[in-house]
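Chain by chain, the residues:
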Amino acid sequence: MIATQDVHAEYGGVVPELASRAHLQNIIPVLNAALAQAKIKMEDIDAIGYTNGPGLMGALLVGSSFAKGLALGNAKPLIEVNHMKAHILAHFIEDNTSIPDFPFICLTVSGGHTQLVRLKDYYTFEIMGSTIDDAAGEAFDKAAKMLGLPYPGGPLIDKYAKEGDENAFIFNAGKLEKYNYSFSGLKTGILYFLRKEVAKDPDFIKKNLNNLCASIQKAILDSLFYQLERLVEDTGIKRVAVAGGVSANSGLRKRLAEKKDWETYIPKFEYCTDNGAMIAISAYFDFIKDKQGKLSAIPNPRMKI
Ligand code: KG4
Ligand code: ZN
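Residues numbered from 1 in each chain as written. Chains lettered and ligands numbered in written order. Predicted model: local features only at pLDDT ≥ 70, side-chain atom pairs only at ≥ 80, totals over all residues. Heavy atoms only, no water.

A. Highlighting the overall build of the protein chain. Helix and strand content of the protein chain: 9 helices and 7 strands. A compact globule built from 305 residues should have a C-alpha radius of gyration of about 19 Å, and the protein chain, at 20 Å, falls within 12% of that. Considering only C-alpha atoms, the protein chain reaches an extent of 65 × 45 × 30 Å along its principal axes. Counting only contacts in the protein chain whose residues sit at least 6 apart along the sequence, the fraction spanning at least 24 positions is 72%. Total accessible area computed for the protein chain in this model is approximately 15,400 Å², and 53% of it derives from carbon and sulfur atoms. Looking at the protein chain, you have 35 positive and 35 negative side-chain charges, and the mean spots of the two groups are 3 Å apart. (Helix = DSSP H or I, 4+ residues; strand = E, 2+ residues; numbered from the N terminus. Rg over C-alpha atoms; globule rule 2.2 N^0.38 Å. Contact = heavy atoms within 4.5 Å. Areas by Shrake-Rupley, 256 points an atom, 1.4 Å probe, with all protein chains shown as cover. Lys, Arg positive; Asp, Glu negative; His and termini not counted. Charge placed at Lys NZ, Arg CZ, Asp CG, Glu CD.)

In structure tokens, the structure reads:
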């Protein structure tokens, strides 16, 4: 059960205070709806898993306080979950079409993170590379904003890109040392290019929306795959998974499907963007090892994998 927040579209991005207020309003109805839909009661639940970071502090505080109250009130074990690990562990939700064996490499691409992670087992995550500035999802969203599209713009760029020519315009994300990413230069490149073109023709964006989206998407995917390919080559690990909101991108999914000499894994579409099931499966792996969290735990907005 997922509550999606519409409040952010109006402001062109996530407003932290509005996000935490929306969490507060939604959290009890979402729990009740999830229990009703699963036809279970609180007594049937083994443990309470909750996100303790990374994320926005206000939203984390709402979730962690609620989870602690729920665990205490119902005498259930409480389990802390790392949001980015949970995106990766979403691969192990049983109704995915295929589930990776270990070791595998995961390209984790969300609105706040871009990481290349090597997994040895359910509990051992090694960060091989990450972004030094904007995340891939952020690059999609910021580019979309410059095109006048509402937040979150990633899915819209994906949609318009399908109708466009990805070679119509040339955009580039910088190429960094192994295996890191940078997307802030791309953002500036798009901004200057649009300024120049709109000065010549105020309708430039409207007339070229599909081609712009396709070309921007290509630049982001080129960068993501450049480092991913190097990592696969260097490690010899050809088992490759993707996780996080941007893994919902159809261009990314297509490129991955074209990698015939890799074993590729993409979670079911609904497990790519933020969802409760990924938090539950992560909590499950700790639960079976009896790794319980503490009521005194403080959310960490910058929690590392
Ligand atoms: O993982 P997620 O749902 O939330 C975070 O943890 O950040 O990722 C959200 C990000 C947003 O930047 C959104 O624009 C992007 O994922 N996104 C997409 C697509 N669907 C979601 N980006 C490109 N194409 C998509 N289809
Ligand atoms: Zn996420």
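Additional details are given in the paragraphs that follow.
B. Just the sheet that holds strand β4 (residues 114-121), in detail. A sheet is described by the order of its strands in space; here 5 strands give the open sequence β5-β4-β3-β6-β7, paired in mixed fashion. Looking at which strands have only one partner, the edges of the open sheet turn out to be β5 (124-130) and β7 (263-265). Strand after strand, the sheet turns through a mean of 25° between neighbouring axes, direction not considered. Here β4 pairs with β5 via 6 bridges, running antiparallel. Within β5, the residue paired with Arg118 across the bridge is Glu126. (Pairing = 2+ DSSP bridges. Axes fitted to C-alpha atoms, helices over the stretch in contact; angles between N-to-C directions.)

C. Representation of the site of ligand 1 within the structure. Lining the immediate environment of ligand 1, one finds 19 residues, of which His87, Gly111, Asp141, Asp158 and Gly245 sit closest. In this structure, Asp158 approaches ligand 1 through a side-chain N or O atom, which is 2.9 Å from a nitrogen atom. Coverage of ligand 1 by the protein chains reaches 87% of its 550 Å² of free accessible surface. Those elements that place two or more of their residues in the shell around ligand 1 are α3 (83-89), α4 (136-146) and α5 (154-161). (Near = heavy atom within 4 Å. Polar contact = N/O pair within 3.5 Å; in protein donor to acceptor, adjacent residues only side chain to side chain.)

D. Up close: the coordination of the zinc ion (ligand 2). Only His83 (NE2), His87 (NE2) and Asp274 (OD) from the protein coordinate the zinc ion (ligand 2), and they sit 2.0 to 2.1 Å from it. Each donor residue of the zinc ion (ligand 2) lies on one chain, and together they are spaced H-x3-H-x186-D. You can see His83 sitting in helix α3 and its partner Asp274 sitting in the loop between β7 and α9 (276-287), a full 191 residues away along the chain. A relative accessible area of 15% places His83 in the buried class. For Asp274, a relative accessible area of 46% puts it in the partly exposed group. (Donors = N, O, S within 2.8 Å, 3.2 Å for Na, K, Ca; no water. Buried < 20%, exposed > 50% of the residue type's maximum accessible area, 1.4 Å probe, protein only.)

E. Representation of the packing of aromatic side chains within the structure. The full count for this structure, using the stated rule, is 14 aromatic pairs. With a centroid separation of 6.0 Å and an interplanar angle of 15°, the aromatic rings of Tyr181 and Phe183 are classed as stacked. Across the pair, Phe183 and Tyr181 agree in class, each one buried. Ring centres of Phe193 and Phe204 lie 5.8 Å apart, and the angle between their planes is 70°; this geometry places the pair in the edge-to-face category. Of this pair, Phe193 sits in helix α6 (residues 184-200) while Phe204 is found in helix α7 (residues 204-235), placing the two residues 11 residues apart along the sequence. You'll find Phe193 and Phe204 in the same group, each marked buried. An aromatic cluster of three or more residues is present, and its members are Phe92, Phe102, Phe104, Tyr122, Tyr123, Tyr284 and Phe285. Taking NZ or CZ as reference, Lys175 lies 4.8 Å from the ring centre of Tyr226, over its face. (Phe/Tyr/Trp six-rings, centres within 6.5 Å; stacked < 30°, edge-to-face > 60°. Lys NZ or Arg CZ within 6 Å of the ring centre and 35° of its normal.)

F. Region of interest: the layout of surface pockets. Space inside the second largest pocket adds up to approximately 290 Å³. Lining of the second largest pocket is provided by 14 residues; of these, Glu166, Gln217, Leu221, Gly251 and Lys254 occupy positions nearest its centre. Mapped onto the lining of the second largest pocket, the elements with two or more residues apiece are α5, α7 and α8 (250-257). Here the residues of the lining of the second largest pocket sort into 3 nonpolar, 4 polar and 7 charged. (1 Å grid on protein atoms, 1.4 Å probe; cavity = no way out; pocket = protein on both sides within 12 Å on 5 of 7 lines; lining within 4 Å. Points joined across faces, edges and corners; volume = space filled by probe spheres on them. Nonpolar A, V, L, I, M, F, W, Y, C, P; charged D, E, K, R; others polar.)

G. Geometry of the packing of α4 against α7. α7 packs onto α4 with a crossing angle of 165° between their chain directions and a minimal axis gap of 11 Å. For the element pair α4 / α7, the angle class is roughly antiparallel. Helix-helix and strand crossings are classified by hand; for α4 and α7 the assignment is right-handed. Contacts from Ala136, Ala139, Phe140, Ala143 and Met146 of α4 reach α7 at Ile205, Ile216, Gln217, Ile220 and Leu224. Tallied by class, the residues present in the contact of α4 with α7 amount to 9 nonpolar, 1 polar and no charged. (Parallel < 35°, antiparallel > 145°, perpendicular 65-115°, else oblique. Left-handed = near helix turned anticlockwise from the far one by under 90°.)

None of the figures reported here should be taken as evidence of function without further support.
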